[in-house]
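Spelled out from the first residue to the last, the chains are:
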Amino acid sequence: MAHSLNRPDAPAAATDRPNRPELGADAVRQTREDLAACFRMAARYGFEEGICNHFSAVVPGHDDLFIVNPYGLAFREITASRLLVCDFHGHVVEGEGQPEATAFYIHAEIHKRVPRARVAFHTHMPYATALSMTEGAPLVWAGQTSLKFYGRTVVDEDYNGLALDHSEGARIAGSVGDADIVFMRNHGVMVLAPNVAEAWDDLYYLERAAQVQVLAMSTGRKIIPVVPQIAEAAYRQMREGDPESARLHLASIRRQLDAEEPQYRH
């Protein structure tokens, strides 16, 4: 399912230029470690699918570069130093290996065309992906957890096969609009956020919201949505505390990994 990236027509990489970017700053290292922690915890929760899914983040201080996982590694194998820094032409500026092809074409276009999306997590996690395959709106706003995403989602209705060129990445980016959560019809989900902590928090609670909705649907009984006025009010209550809650959530998973899988930081 995954594809290697071959870009023979791309212009010269930053590594070939005298003004090669400095990528050793503390903020860059922090982003690498935060991303590596998210990969490891996503694997624990079953959010990964083989070697096919990908997380990325714009490099702090370098809006034309992004950090992404290399082709061929499962999420549970990721460490901070194994992550790649790529430019928008497909060149690896730092790191060993190449990004997976769809990872490059989707994430490069997202970061280039949706600049508020400093972080992008794309997965085929089972419950959210299952809802991307059903008729109608994926979330029906019947569970409290789902209300975190009230008014924040969009559905990319036009599944077009694998994203193996810039045009398909651009099409996906063009479907985002003002949304933070993209349900990619027949495909999976994309979470967009201003930082790694908020991306992780949304990813985790999105799958939890999808899981309980699928369980409710499986009973065959009528699902009772929250009335719109209450749904909107609950959403606003949740969003007020989201940045701090997300920061603490990420710190929590890092403490767990520091105790049990400290190699993620290396």
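Caption draft 1: Spotlight on the pattern of salt bridges. Tallied over the full model, the rule gives 24 salt bridges. A salt bridge links R254 to E33; its shortest N-O distance comes to 2.6 Å. Within this pair, whereas R254 is found in helix α6 (residues 228-260), its partner E33 is found in helix α1 (residues 26-44), the two being separated by 221 residues in sequence. In this structure R254 comes out as buried when scored by relative accessible area, which is 12%. With relative accessibility at 15%, the residue E33 sits in the buried group. One salt-bridge network, held together by shared partners, links R116, K148, R152, D180, D201, D202, R239 and D242.

Caption draft 2: Highlighting the sheet that holds strand β1 (residues 54-59). Pairing within the open sheet is mixed, and its eight strands lie in the order β4-β3-β2-β1-β5-β8-β7-β6. Looking along the sheet, the strands with just one partner apiece sit at the ends: β4 (92-94) and β6 (153-156). For this sheet, the mean inter-axis angle between neighbouring strands, taken without regard to orientation, is 25°. Inspection of the sheet shows strand β7 (residues 181-184) paired to strand β8 (residues 188-193) by four bridges, in the antiparallel sense. Note on β8: the bridge partner recorded for M184 is G188.

Caption draft 3: Quick peek at the nonpolar core. Grouped together as the largest cluster of nonpolar side chains are 54 residues, with contacts concentrated most on L35, C38, F55, F121, W200, L203 and L206. At nine residues, α1 tops the list of elements feeding residues into this core. For W200, the residues in contact, after removing those within four places along its chain, are C38, M41, A42, Y45, F47, F121, H249 and I253. Core analysis: the next-biggest nonpolar cluster, separate from the first, contains 13 residues, A117, I172, A173 and M190 among them.

Caption draft 4: Looking closely at a nonpolar patch on the surface. A surface patch of nonpolar side chains, about 270 Å² in accessible area, is lined by Y159, L162 and L164. Tracing the backbone shows L162 in the loop between β6 and α4 (166-174).

Caption draft 5: Spotlight on unusual backbone geometry. At W141, a residue that is not glycine, the phi angle is positive and equals roughly 60°. By the element assignment, W141 lies in the loop between α3 (126-132) and β6. According to the relative accessible area criterion, W141 is buried, its value standing at 17%. Phi angles above zero are rare outside glycine, and N186 is one such case at about 65°. On the secondary structure map, N186 appears in the loop between β7 and β8. Owing to a relative accessible area of 46%, N186 belongs among the partly exposed residues under this scheme.

Caption draft 6: A look at α6. At D242, α6 is deflected by roughly 55°, the largest bend along its length, and proline P243 occurs up to four residues later in sequence. Turning to α6, its buried residues number three or more, namely A231, A234, Y235, D242, A246, H249, L250, I253, R254 and L257. Buried residues belonging to α6 abut α1 and α5 (196-218).

Caption draft 7: Spatial organisation of helix α2 (residues 101-113). Compared with an ideal rise of 1.5 Å per residue, which puts 13 residues at 18 Å, α2 spans 18 Å between its outermost C-alpha atoms and is within 8% of the ideal. With respect to burial, α2 is a largely interior element, 11 of its 13 residues being buried. For α2, the full list of buried residues reads A101, T102, A103, F104, Y105, I106, H107, A108, E109, I110 and H111. Where the residues of α2 are buried, they touch β1, β2 (62-68), β3 (84-87), β5 (119-123), α4 and β8.

Caption draft 8: Spotlight on the packing of aromatic side chains. What the rule picks out here adds up to 12 aromatic pairs. Both rings, one in W141 and one in Y150, keep their centres 5.2 Å apart while their planes meet at 75°; by these two values the pair is edge-to-face. Both residues of the pair, W141 and Y150, count as buried. Each member of the aromatic cluster is reached from another via a ring pair, and the members are Y45, F47, W200, Y204 and Y205.

Caption draft 9: Up close: the packing of α5 against α6. For the pair α5 and α6, the least separation of the axes is 8 Å and the interaxial angle reads 85°. Comparing the axis directions of α5 and α6 gives the class roughly perpendicular. Residues V196, A197, E198, W200, D201, Y204 and Y205 of α5 form the contact with α6, whose own contacting residues are D242, P243, S245, A246, R247, H249, L250 and I253. Here the residues of the contact of α5 with α6 sort into nine nonpolar, two polar and four charged.

Calculation criteria
- Residues numbered from 1 in each chain as written.
- Predicted model: local features only at pLDDT ≥ 70, side-chain atom pairs only at ≥ 80, totals over all residues.
- Heavy atoms only, no water.
- Salt bridge = Lys/Arg side-chain N within 4 Å of Asp/Glu carboxyl O.
- Helix = DSSP H or I, 4+ residues; strand = E, 2+ residues; numbered from the N terminus.
- Buried < 20%, exposed > 50% of the residue type's maximum accessible area, 1.4 Å probe, protein only.
- Pairing = 2+ DSSP bridges.
- Axes fitted to C-alpha atoms, helices over the stretch in contact; angles between N-to-C directions.
- Core = buried A, V, L, I, M, F, W, Y, C linked by side-chain atoms within 4.5 Å.
- Contact = heavy atoms within 4.5 Å.
- Patch = residues over 30% accessible without salt bridge, like charges linked within 9 Å, V, L, I, M, F, W, Y side chains within 5 Å.
- Areas by Shrake-Rupley, 256 points an atom, 1.4 Å probe, with all protein chains shown as cover.
- Bend = angle between axes of the 7 residues up to and from the residue.
- Expected span 1.5 Å × (residues − 1).
- Phe/Tyr/Trp six-rings, centres within 6.5 Å; stacked < 30°, edge-to-face > 60°.
- Parallel < 35°, antiparallel > 145°, perpendicular 65-115°, else oblique.
- Nonpolar A, V, L, I, M, F, W, Y, C, P; charged D, E, K, R; others polar.

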